[in-house]
4 protein chains.
Amino acid sequence: MVEVNFGIVGLGRLGKIHAKNLAKNVPGSMLVAACSIVPEELEHAKNELGVEEVYATFDEMINSPSINAVAIVSPSGFHVEQITKAMKKGLHVFTEKPLGLNVAEIESVIKVINNHPNQIFMLGFMRRYDESYQYAKRLVDDGEIGELTVIRCYGIDPSKGMESFVEFAKNNDSGGLFADMSIHDIDLVRWFTNSEIKKVWALGKNAAYPELDKLGELETGAAMMELEDRTMALLVAGRNASYGYHVETELIGTKGSVRIANIPEKNLVTILNEKGSVRPLSQDFPERFKMAFINEMKEFVSCVNEKRQPEGNANDGLQATKVADACSESWEKNELVKIK
Amino acid sequence: MVEVNFGIVGLGRLGKIHAKNLAKNVPGSMLVAACSIVPEELEHAKNELGVEEVYATFDEMINSPSINAVAIVSPSGFHVEQITKAMKKGLHVFTEKPLGLNVAEIESVIKVINNHPNQIFMLGFMRRYDESYQYAKRLVDDGEIGELTVIRCYGIDPSKGMESFVEFAKNNDSGGLFADMSIHDIDLVRWFTNSEIKKVWALGKNAAYPELDKLGELETGAAMMELEDRTMALLVAGRNASYGYHVETELIGTKGSVRIANIPEKNLVTILNEKGSVRPLSQDFPERFKMAFINEMKEFVSCVNEKRQPEGNANDGLQATKVADACSESWEKNELVKIK
Amino acid sequence: MVEVNFGIVGLGRLGKIHAKNLAKNVPGSMLVAACSIVPEELEHAKNELGVEEVYATFDEMINSPSINAVAIVSPSGFHVEQITKAMKKGLHVFTEKPLGLNVAEIESVIKVINNHPNQIFMLGFMRRYDESYQYAKRLVDDGEIGELTVIRCYGIDPSKGMESFVEFAKNNDSGGLFADMSIHDIDLVRWFTNSEIKKVWALGKNAAYPELDKLGELETGAAMMELEDRTMALLVAGRNASYGYHVETELIGTKGSVRIANIPEKNLVTILNEKGSVRPLSQDFPERFKMAFINEMKEFVSCVNEKRQPEGNANDGLQATKVADACSESWEKNELVKIK
Amino acid sequence: MVEVNFGIVGLGRLGKIHAKNLAKNVPGSMLVAACSIVPEELEHAKNELGVEEVYATFDEMINSPSINAVAIVSPSGFHVEQITKAMKKGLHVFTEKPLGLNVAEIESVIKVINNHPNQIFMLGFMRRYDESYQYAKRLVDDGEIGELTVIRCYGIDPSKGMESFVEFAKNNDSGGLFADMSIHDIDLVRWFTNSEIKKVWALGKNAAYPELDKLGELETGAAMMELEDRTMALLVAGRNASYGYHVETELIGTKGSVRIANIPEKNLVTILNEKGSVRPLSQDFPERFKMAFINEMKEFVSCVNEKRQPEGNANDGLQATKVADACSESWEKNELVKIK
């Protein structure tokens, strides 16, 4: 088994998760180097994760002879440049979504990726590696629910993040609710249906935080999509789930339906008290997708060893961004938008 | 307490349910007369329900001095005429949905109804009288889930009816999936939100019965709706639920969510077997809304006694039909349609 | 169809339920007479239920030529005498549980009942007429879960009744927790298994209300039972469910398990809020067994019309009391007790 | 952080799980040596897990200077001897349950363990390290459900193991159903209540495999237990769950109840099909307690580093065996048995 020696860029909330997994939870992976402009994050890498090499710049890191792979968990604006540089250095590349900020730059980076077919490239659509999603995918692929007619996807962040989001939005562009929150759901639609999205209509409502109207941001949105095979997709995206982190998917077919996290249960506990019968709920993505983040990295390491490309590739990233952009455009214009 | 003496017209599947309730399950109600062109149905009324007067025509029945109310459960095409005649006779009127076949005739019958304000008029939106829907309505009205942002409604008939529907559709116009199946859901959207639907986009897919494409009918459809207060509505309508009768509603608000029949459970039984943990499901509307049909008739009798009009009035019927028509038009043209 | 004309004795909490059902909710039944020593209860019967004849004594009521059946919902101490008198008058008899206060008097009244085989006699084991229990019984009888090995029954009253129970217990003998609460569960054990209980061990604990220790009463108890066919029964009985009314039954068999009210859900509503995913729960027996109370009376009326005896007969009452007594004795002595 | 270098003895089904975790899934742990009398198992350790030292005997392995800890996953009959030898060698010891075959030998090994207080000793009561059990324990300890009155524990193995068990039982003594299956549940009772079990009554029934009667073995059993604080425990133990692996625990308190795995759900998937609404179920202990097995080893490593003893100690093993023995004796004699 080849040891995959990672350098990671970005040690924020999600970066720390990937760093810990690469350092401790993924057999065959070593976290050798880390890069961040935040000194405390590099200290964390050294002291908590035993990372030997720390760098202030990405360029320095990828020049290290100790690494053969990078994990890119930096802000979205850096993805295209860092993927390109790492690819050209001959490194295997794992990158968080999105692939890039817009279709033009994504198309350019795809060319670079395609020019290095012997290096592994993986885009972090981790839901595909969640045990429940994989179980559902097998059911669908095995024909257990017949032909798909409707797919419904919810992706709603917990409201505990709303106040800081409103502050953030005063001075920043989040990229929009649909790019921010629905991109995983758009990927799931494509993954489950094996069909492309053709046309969308998107709506939005700011109810708890009407000040977002002026900022051009959304608290909650919905989109309906027509697919090439006529399957219908219904998406709800939000930032304000008072009860936790709500990722739910439903697939309706001619022979049955499958739901993943119909209720986004936190664990196997049920409490009976004066409120009723209570199931605790998932509170955030690190909790809900803890194992999926590990599984995707295990898959990455397997791909390196087995010299094959993983699911969740650059084209998936391109298509998801195209659809998310169409949702944003549809919402802004309040009209149907065709995907180019 | 005033005895409400009913004459019923129509003794098909739903007609028999109403007839039995009026005869046996609604205190203060008597089923005195029945009218049908099917002799067997009149025999049923006499022998099973003890109905004393049976008629071949509606005109004869409403001339009977024994009745002071009618229940109209005839085919939709007769509703407007029968409501009009009964109103002019001074009778209280309960009618099944829809109020009429199109907006023009519905508007004309509303004038008649409005000219007889002292007679009770009720449109059979029975879901409003279901215990679980009423419980949810109180939660929403009490502000338990904050301001509504999204409402999702499923109304899917069991697939056991598909084959006969396909046969029927070869020679008949069903009125369309959205008028047929979504009208209750459209009413729920208006009832829960207290807001009007402004704009819709509707899609459809025939997967198990592609022959419906040629017949201009739909097996499964979906619609997204924008409301005047910006609340977003997502509807799924269908005729082909392999697992039973699926009526489900979700209300998402700024402080929480409420689901009615998240899983459309048949009873309180759970079975653990080699399939997994199994909850049996509702199989058809007579089972799911058994008590709601009784409750709405109890409410009708109370309204007669208390000289007040019930919820679920003629304007609700008009609005629901307008929106259902817009869905049909949107599906046919594949474009956004504004409600007039 | 024969009209069954009831006189009812006892118009307390449960009496009012039966009275209303007999007056309004059971086709073929008329509530003609009522008997109570509480004048307000007789006023209620006249004014709310239209009862024509009201009596201060049971003897007067059963002398009325207008009735052909009695419903006995009086305090337990009167059951034997009232059953006996009504039987001798030639009336059909429905009685609430228990059949009598002790085995000796129950055996004597059974003789009377057996001497009048042409009069319907029914003991109010209403759970047998609950839709979910009936569904489960069919599954078990159809062999869906194979041979039974374990049956678990919970019967726990809501804690809202605890304070008044403690007051009551200071001056009264409740008959004991197991006679009071487990008698329906004991009947279910016998009904589902078709086997008799042989031996029991019972325990109890007063935790929230330790003052019950001195009063010889129990807040919560448990019993394990060995049946003749070696099936094992586990019972929990209580008066202090903080979350509502908890009646739950589980049947474990060699091919699967069935649970009735695994979670004692109130309706089809689910609420997602900061507590988690919440299902409201049943709060008391009138709510949980509303339809079962109606169904058992419908069955009684059918039995009168069809001249057959219902399920839930006098012997079932005798056996249930024997087992409940054995539980009490076992708890008092803390030893195994064989059923005689 | 001290590296804990393990030697493992026993590489059967559970042994392989522990070996893999120690080799790959527990940071701070190395699997350095393995011991087995089965050559294929040693090959597996070398080739799949990279174990450097393999031995045919335990004595050889513990003489290796490379290890500072052992994991004992050998047949139960070897536990006492191996614990003793490892302790005397100065090694940290993790052992699977049971501590020993009988109370006498367990008491002798406890003396050895107590004589080496600076070496970590852990007994594999892994359920204490399951996320859901830990969540429930916090709720109970925080007083969320008040004072405990009843605890119910199910531990039922999947029926897929029955046929080989019957074969095994023809020539071997399993130790008995209660020692085999209930020992984890007995530990949970003690863990949740902080009270000791005083008295038990146990029953059993062989329904699907009546031939077990002659072999003195049980397919399904139940036990009721009285605790010193009067809490009541109800246990079901079995080897024949047709639907999978059923470990479920319920805690009833004066302010509410907590259930762990009320339905032993496999994942977050729900399927709606003609069977009803189906949740897939856990199929075996490696699946259900996958993370618990990892968590307990992480805790072991932490204990070594932090020089503290873990939960799940030798006395817990002794008490659990005492109670399991009492259950066996009670079942054999069909009488109440007091714990010595």
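Residues numbered from 1 in each chain as written. Chains lettered and ligands numbered in written order. Predicted model: local features only at pLDDT ≥ 70, side-chain atom pairs only at ≥ 80, totals over all residues.

Undergrad: What am I meant to see in the overall build of chain A here?
TA: Assigned secondary structure in chain A consists of 13 helices and 15 strands. Against the compact-globule benchmark of 20 Å for 340 residues, chain A has a radius of gyration of 20 Å, which places it among compact chains. Referenced to the eigenvectors of the C-alpha coordinate spread, the extents of chain A come out at roughly 50 × 45 × 40 Å. Looking at chain A as a whole, 59% of its 340 residues qualify as buried. The long-range fraction of contacts in chain A, counting pairs at least 24 apart against all pairs at least 6 apart in sequence, stands at 71%. (Helix = DSSP H or I, 4+ residues; strand = E, 2+ residues; numbered from the N terminus. Rg over C-alpha atoms; globule rule 2.2 N^0.38 Å. Buried ≥ 20, exposed ≤ 12 C-beta atoms within 10 Å, placed from the backbone. Contact = placed C-beta atoms within 7 Å.)

Undergrad: Sorry if this is basic, but what is going on with the relation of the copies chain B and chain A here?
TA: To go from the first copy of the chain to the second, apply a rotation about an axis and then a shift along the same axis. By a simple turn and slide, chain B fits onto chain A: the slide is 0.0 Å along the axis, the RMSD is 0.0 Å, and the turn is 180°. Taken together, the turn and the small shift mark the pair as related by a two-fold rotation axis. Distance from the rotation axis, computed per C-alpha, reaches its smallest value in chain B at M224 of chain B: 3.2 Å. When the interface residues of chain B are mapped onto chain A, 100% of them again lie at the interface, so the same face is used by both copies. (Least-squares fit on C-alpha atoms with pLDDT ≥ 70 in both.)

Undergrad: Can you walk me through the nonpolar core in this structure?
TA: In summary, soluble globular proteins display a tendency toward joint burial of nonpolar side chains. Counting 478 residues, the largest nonpolar core has V70 of chain A, V70 of chain B, V70 of chain C together with V70 of chain D as its most contacted members. Each residue touching V70 of chain C, except ones within four places of it in the same chain, is listed here: F6, G7, V9, I62, A86, L91 and V93 of chain C. (Core = buried A, V, L, I, M, F, W, Y, C linked by C-beta atoms within 7 Å.)

Undergrad: Would you mind going over the relation of the copies chain A and chain C with me for this structure?
TA: The two copies are related by a screw motion: chain A maps onto chain C through a turn of 180° and a shift of 0.0 Å along the axis, at an RMSD of 0.0 Å. Looking at the interface residues of chain A, 100% of them are also at the interface in chain C, so both copies use one shared face.

Undergrad: Sorry, what's going on with the pairing of strand 9 (residues 220–227) of chain C here?
TA: On any regular strand, side chains alternate: one points to one face of the sheet, the next to the other face. Residue and element names in this part refer to chain C. Within strand 9, eight of the eight residues are buried, which leaves the element mostly enclosed by the surrounding structure. By the bridge criterion, eight bridges tie strand 8 (residues 197–205) to strand 9 in an arrangement that is antiparallel. Residue pairing for strand 9: K205 is matched across the bridge by T220. The sheet contact formed by strand 9 and strand 10 (residues 232–241) spans seven bridges and is antiparallel. The partner of M224 across the bridge, within strand 10, is L234. Between strand 9 and strand 10, which pair antiparallel one after the other, the connecting turn spans four residues, and R230 there sits at a positive phi close to 75°. (Pairing = 2+ DSSP bridges.)

Undergrad: Looking at this structure, I do not really get the domain arrangement of chain A. What am I missing?
TA: Where the parts come together, the accessible area they lose is often given as the size of the interface. All names here are of chain A. By domain assignment, chain A separates into domain 1 (4–119) and domain 2 (128–291 + 319–338). The C-alpha-based centres of domain 1 and domain 2 are spaced at 27 Å. Counting residues at the interface gives seven residues for domain 1, matched by seven residues for domain 2. For the side of domain 1 that touches domain 2, the per-class residue count stands at five nonpolar, one polar and one charged. (Domains from an automatic or database assignment. Nonpolar A, V, L, I, M, F, W, Y, C, P; charged D, E, K, R; others polar.)

Undergrad: Any chance you could explain the sheet that holds strand 4 (residues 69–72) of chain D here in plain terms?
TA: Within a beta sheet, neighbouring strands are joined by backbone hydrogen bonds and run either parallel or antiparallel to one another. Residues and elements named next belong to chain D. Read from one edge of the open sheet, six strands run 3-2-1-4-5-6, paired in parallel fashion. If you trace the sheet from one side to the other, it starts and ends with strand 3 (53–55) and strand 6 (121–123), each paired once. Within this sheet the neighbouring strands show an average axis-to-axis angle of 20°, counted without direction. The sheet contact formed by strand 4 and strand 5 (residues 92–95) spans four bridges and is parallel. Paired with I72 across the bridge in strand 5 is T95. (Axes fitted to C-alpha atoms, helices over the stretch in contact; angles between N-to-C directions.)

Undergrad: Looking at this structure, I do not really get helix 4 (residues 79–88) of chain A. What am I missing?
TA: Since the α-helix packs 3.6 residues into each turn, any two residues three or four apart lie on the same face. If you check which residues of helix 4 of chain A are buried, you get H79, V80, Q82, I83, A86 and M87 of chain A. Downstream of helix 4 of chain A by one or two residues, G90 of chain A has phi in the positive range, about 90°.

Undergrad: Explanation requested: the sheet that holds strand 6 (residues 121–123) of chain B in the structure shown.
TA: Residue and element names in this part refer to chain B. Ordered in space as 3-2-1-4-5-6, the six strands form an open sheet in which the pairing is parallel. If you trace the sheet from one side to the other, it starts and ends with strand 3 (53–55) and strand 6, each paired once. The sheet shows a mean angle of 20° between the axes of neighbouring strands, taken without regard to direction.

Undergrad: Would you take a moment to explain the interface of chain B and chain A for this structure?
TA: Tallying the contact residues gives 27 residues for chain B and 27 residues for chain A. If you list the elements that add at least two residues to the side of chain B that touches chain A, you get strand 7 (148–158), strand 8 (197–205), strand 9 (220–227) and strand 10 (232–241) of chain B. Split by residue class, the side of chain B that touches chain A holds twelve nonpolar, nine polar and six charged.

Undergrad: How do you make sense of the interface of chain A and chain C when you look at a structure like this?
TA: Facing 13 residues of chain A, the contacting portion of chain C comprises 13 residues. Sorting the residues of the side of chain A that touches chain C by element identifies strand 13 (269–273) and strand 14 (276–279) of chain A as the ones contributing at least two each. For the side of chain A that touches chain C, the leading source of residues is strand 14 of chain A, giving four residues. Counted by class, the side of chain A that touches chain C contains six nonpolar, four polar and three charged residues. Alignment of strand 14 of chain A against strand 14 (residues 276–279) of chain C, held across three bridges, turns out to be antiparallel. Paired with R279 of chain A across the strands is S277 of chain C, a residue of strand 14 of chain C.

Undergrad: Looking at this structure, how should I read the confidence of the model for chain A?
TA: Close reading of the predicted structure is inappropriate where its pLDDT is low. In the predicted model, chain A carries a mean pLDDT of 96, and 100% of its residues have values of at least 70. Both scores are available for the predicted complex, with the pTM at 0.96 and the ipTM at 0.95. (pLDDT = per-residue confidence, 0-100.)

Undergrad: Any chance you could explain unusual backbone geometry here in plain terms?
TA: Of all residues except glycine, most have a negative phi; of all peptide bonds, most are trans. Cis geometry is adopted by the peptide bond preceding P98 of chain A, which originates at K97 of chain A and carries an omega value of -5°. Among the secondary structure elements, P98 of chain A is positioned in the loop between strand 5 (92–95) and helix 5 (103–114). Phi at A261 of chain D is positive, roughly 60°, even though this residue is not glycine. On the secondary structure map, A261 of chain D appears in the loop between strand 12 (257–260) and strand 13 (269–273).

Undergrad: Would you take a moment to explain the packing of helix 4 of chain A against helix 5 of chain A for this structure?
TA: For any two helices packed against each other, the geometry is given by the interaxial angle and the distance between the axes. All names here are of chain A. One way to put it is that helix 4 packs onto helix 5 with a least axis distance of 10 Å and a crossing angle of 10°. Here helix 5 runs roughly parallel to helix 4, going by the angle between their axes. Contacts between helix 4 and helix 5 involve V80, I83, T84 and M87 on the former and, on the latter, E105, V109, V112 and I113. Tallied by class, residues from the contact of helix 4 with helix 5 come to six nonpolar, one polar and one charged. (Parallel < 35°, antiparallel > 145°, perpendicular 65-115°, else oblique.)

Undergrad: What is the right way to read the pairing of strand 1 (residues 4–9) of chain D from this model?
TA: Residues and elements named next belong to chain D. Burial analysis of strand 1 places five of its six residues in the buried class, the great majority of the element. Bridging between strand 1 and strand 2 (residues 29–35) involves six bridges; their strand directions are parallel. Of the residues in strand 2, the one forming a bridge with N5 is M30. The parallel pair strand 1 and strand 2 is bridged by helix 1 (residues 13–25), and the resulting crossover is right-handed. Judged from the four bridges that link them, strand 1 and strand 4 form a sheet pairing that is parallel. The residue of strand 4 that forms the bridge with F6 is A69. (Right-handed = clockwise from strand over helix to strand, strands pointing away.)

Undergrad: Where do I start with the environment of E211 of chain C in this structure?
TA: Residue and element names in this part refer to chain C. Along the chain, the position of E211 falls in the loop between strand 8 and helix 10 (212–215). Classification of E211 by C-beta neighbours within 10 Å gives partly exposed; the count is 13. Between the C-alpha atom of E211 and that of K170, which follows or precedes it by 41 residues, the distance is 9.7 Å.

Undergrad: Looking at this model, I keep getting lost on the environment of G256 of chain B. Mind explaining?
TA: By secondary structure assignment, the location of G256 of chain B is in the loop between strand 11 (246–253) and strand 12 (257–260). Linking G256 of chain B and G146 of chain B, residues 110 residues apart in sequence, is a C-alpha distance of 7.0 Å. Excluding anything up to four places from it in sequence, G256 of chain B contacts S242 and Y243 of chain A, E144, I145 and G146 of chain B together with I271, L272 and N273 of chain C.

Undergrad: Please explain the environment of G15 of chain B as it appears in this structure.
TA: Residue and element names in this part refer to chain B. Topologically, G15 is positioned in helix 1 (residues 13–25). A tally of 22 C-beta atoms within 10 Å means that G15 is categorised as buried. Those residues in contact with G15, other than ones at most four positions away along the chain, are I8, G10 and V73.

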